[in-house]
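Residue-level structural notes
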Amino acid sequence: MSERISVIGTGYLGATHAAGMAELGHEVIGVDVDAEKIERLSRGEVPFYEPGLPELLRKHVESGRLRFTTDIREAAEFADVHFIGVGTPQLKSGYGADMVYVDAAIDALAPLLTRPSVILGKSTVPVGTAARLAARVRELAPVGDDAQLGWNPEFLREGFAVEDTLRPDRLVLGVDPVQPGRIEEVARRVYADALARETPIVVTDLATAELVKVSANAFLATKISFINAVAEVCDATGADVKDLADAIGYDDRIGRKFLGAGLGFGGGCLPKDIRAFMARAGELGVDQALTFLREVDAVNLRRRQHVVELAEREVGGSLVGARIAVLGAAFKPDSDDVRDSPALDVAGQLHLAGAHVRVHDPEGMVNAARVWPTLDFAESPQGAVQDADLVILATEWRQFRDLDPEEVGRLVAHRRIIDGRNCLPAERWIAAGWTYRGLGRHSG
Ligand code: UDX
């Protein structure tokens, strides 16, 4: 059955969710305060890089099932279900998450709700936010208790956002057990397609639903920092972290995913979510419970420093004047997102230390140049490596993994490479005469 849906906030999460809901057969209106973004989306244009999303968006803008507006009144009049997908960035003043956009969305929408409505929050928020918002909605909405708020966290990964939206591996729904209202019934209609495929759904209270999201991200971050900490020990002993990860990963209880040692995690979610989680635990008086996340963050940031120091050693002890090619700027492949990107951070630190840094990234250079306008950017990997004293692979794009060491070798001044993502076939590079350095790996 087709539902009338609004998605408030059309950034990464909201735009993907809006297009995904249209693909599932619903009638969707996307709302944002940014007029330029709305204009582009209305033309079927996606303002960021995400494989498969432009096609989906265009398809449904053309079919008329998906439209965009800056007028929240239009959304309130049109839709019965409202998703909140605005950002919750890290506060400038500390580790906590900034709720200003979430609060503004609720304050704008709730007073316009003149008929029974369900609001489903998707943004990642500090635990306790949903209960506060549910009360605010009841207080502000002309329909009072007939405006009901639940929490429905989103787990999409950049680069796989369409797939994750259309075929989620689980659904989580938080509902106030004292006033459950119609939220579960409405959510089950919205997600009928996934539920028909027997996608597991966990229906729980609001606080648990909020915590599921941050706990999932904190766990993933911990897994990555765990293997990176072990990589430090491997470096000190000549052991190989990739073999080690394979070996422990065969244990089903551990699993091989997210045991990729390298430059560590970045992006708009993992780093900010672990910090916001710690900040919230502090407010709740249980900060000790999460002090280990401080270490997770520290191990992660140390990876970047380690690569800078390794680079310094590789070029003979001083970075000043060294020509270094950095392949990658996005925080991961198939994304143009450079938020908290390990790759860009390394490029920036090398640049500040006096190296001549040339960066190439298939999609992330426009965003990277906004953060580091003084870096040198090349239009191709070949352009970046030309005459380099050292090459650093910092984001594992397929284009980089497929590079031919012989061909690249003819362009550089010195055949030296740091594989910051442990993703290259080391033997091939070594056979082609390269000094190959992985992270926590046997070095050639
Ligand atoms: C993450 C979560 O996976 C997703 O469920 C949540 O909704 C949002 O945050 P995303 O930020 O898109 O998604 O990226 P993800 O694929 O999780 O990677 C995060 C970072 O970890 C990247 O910088 C990646 O390079 C790094 N990573 C990942 C590793 O360093 N090693 C690994 O083994 C896996």
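Bear in mind the structure is a predicted one, so any value in this text is a computation, not a measurement.

**Quick notes on the UniProt feature "domain: UDP-glucose/GDP-mannose dehydrogenase C-terminal" (unreviewed entry) in the protein**
UniProt's feature table lists "domain: UDP-glucose/GDP-mannose dehydrogenase C-terminal" (unreviewed entry) at residues 325-426, given in the numbering used throughout. Between the end C-alpha atoms of residues 325-426 there is a gap of 18 Å, over a span that is 34% helix and 18% strand.

**What to know about the site of the ligand**
The ligand sits among 19 residues. The nearest are Glu158, Gly260, Phe265, Gly267 and Cys269. Top element by residues in the shell around the ligand is helix α10 (residues 206-237). It accounts for three residues. Its residues assigned to classes, the shell around the ligand shows 10 nonpolar, six polar and three charged. The residues that make up the shell around the ligand include at least three from each of domain 1 (4-203) and domain 2 (205-444).

**A few points about the nonpolar core**
As a rule of thumb, nonpolar side chains are buried together in soluble globular proteins. In this structure, Ile5, Ile8, Ala18, Val28 and Val137 are the most contacted members of the largest nonpolar core, which totals 80 residues. If you tally residues by element for this core, the top one is α10, at 10 residues. Shared between two domains, this core holds at least three residues of each, these being domain 1 (4-203) and domain 2 (205-444). If we ignore the near neighbours within four places in the chain, the residues touching Ala18 are Val7, Thr10, Val28, Gly30 and Leu66.

**Quick look at the domain arrangement of the protein**
Taken domain by domain, the protein consists of domain 1 (4-203) and domain 2 (205-444). Taking only C-alpha atoms into account, the centre of domain 1 sits 32 Å from that of domain 2. Listed by partner, the interface residues are 29 residues for domain 1 and 26 residues for domain 2. Among the elements of the structure, α6 (129-140) and β7 (171-174) are those that each provide at least two residues to the side of domain 1 that touches domain 2.

**Topic: the environment of Gln349**
Tracing the backbone shows Gln349 in helix α14 (residues 342-352). Along the chain, Gln349 and Gly44 lie 305 residues apart, while their C-alpha atoms are 38 Å from each other. Other than its neighbours up to four places away in sequence, Gln349 contacts Arg304 and Val308.

**Side note on unusual backbone geometry**
Backbone geometry places Asp334, a non-glycine residue, at a positive phi of 60 degrees. Checked against the element boundaries, Asp334 lands in the loop between β9 (323-327) and α14. Judged by C-beta crowding, with 20 C-beta atoms within 10 Å, Asp334 ranks as buried. Although it is not a glycine, Asn422 sits at a positive phi angle of roughly 45 degrees.

Conventions adopted
- Residues numbered from 1 in each chain as written.
- Predicted model: local features only at pLDDT ≥ 70, side-chain atom pairs only at ≥ 80, totals over all residues.
- UniProt positions renumbered as here; feature names shortened; annotations may be inferred.
- Helix = DSSP H or I, 4+ residues; strand = E, 2+ residues; numbered from the N terminus.
- Near = placed C-beta within 6 Å.
- Nonpolar A, V, L, I, M, F, W, Y, C, P; charged D, E, K, R; others polar.
- Domains from an automatic or database assignment.
- Core = buried A, V, L, I, M, F, W, Y, C linked by C-beta atoms within 7 Å.
- Buried ≥ 20, exposed ≤ 12 C-beta atoms within 10 Å, placed from the backbone.
- Contact = placed C-beta atoms within 7 Å.

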